[in-house]
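Notes for the structure review
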Amino acid sequence: AGAHRNHIITPALEYSTLAGNRTFLRLALSAEFTGEKYADYYFGITPVGAGASGLATYYPDGGLASLGSSVLATYSLSGRRAGWSLFGVASYKRLQGDIAASPIARNVGSPNQFFGTVGLGYTF
């Protein structure tokens, strides 16, 4: 939507495999590189923001923003292409550089970012 008017580059290395007749696995490693305007928009703190939040004024640079990994697993309950399946996703991302040093990540949040979910899906 043009909020930060900058770039985010996310190279990734992924490996996918069928682990049997009913199970699919995908493993991924990724990095995230951002521009200075993106880092400043989401992790910077202006003097006005510092006054309102109590956090220190902060002006981050762009560069390596995070390193992460994830795993996706699905298990077909029907054993066919169509039908019900269980799935799960787990990921971990570690913020890096100026992004990790931001008072937003350091004092209010955390440089360690976790995500996980499980669900039930239907393919038709």
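Residues numbered from 1 in each chain as written. Predicted model: local features only at pLDDT ≥ 70, side-chain atom pairs only at ≥ 80, totals over all residues. Heavy atoms only, no water.

**Describing the environment of Ala65**
By secondary structure assignment, the location of Ala65 is in strand 4 (residues 63–76). Sequence separation between Ala65 and Gly20 is 45 residues, and the spatial gap between their C-alpha atoms is 37 Å. (Helix = DSSP H or I, 4+ residues; strand = E, 2+ residues; numbered from the N terminus.)

**Some words on the pairing of strand 5 (residues 83–95)**
Strand direction decides the pairing type here: strand 4 and strand 5, joined by eleven bridges, are antiparallel. Each bridged residue has a counterpart across the sheet, and for Leu67 the counterpart in strand 5 is Arg94. Between the end of strand 4 and the start of strand 5, which pair antiparallel, lie six residues, with Gly79 showing a positive phi angle near 80 degrees. Across twelve bridges, the pairing between strand 5 and strand 6 (residues 112–123) is antiparallel. The residue bridging Ser91 from the neighbouring strand is Phe115, located in strand 6. (Pairing = 2+ DSSP bridges.)

**Comments concerning the pairing of strand 4**
Looking at chain direction, strand 3 (residues 23–34) and strand 4 are connected through twelve bridges and run antiparallel. Residue pairing in the sheet places Phe24 in a bridge with Thr74 of strand 4.

**Section: unusual backbone geometry**
One non-glycine residue, Arg5, adopts positive backbone phi at about 45 degrees. Mapped onto the elements of the fold, Arg5 is located in the segment before strand 1 (8–9).

**Structural notes on the side chain of Glu32**
Along the polypeptide, Glu32 turns up in strand 3. Of the buried charged residues, Glu32 lacks a salt bridge, with Lys93 as the closest side chain of opposite charge at 4.2 Å. In contact with Glu32, not counting residues within four places along its chain, are Ile8, Ile9, Thr10, Gly63, Leu64, Ala65, Ser66 and Lys93. (Buried < 20%, exposed > 50% of the residue type's maximum accessible area, 1.4 Å probe, protein only. Lys, Arg positive; Asp, Glu negative; His and termini not counted. Salt bridge = Lys/Arg side-chain N within 4 Å of Asp/Glu carboxyl O. Contact = heavy atoms within 4.5 Å.)

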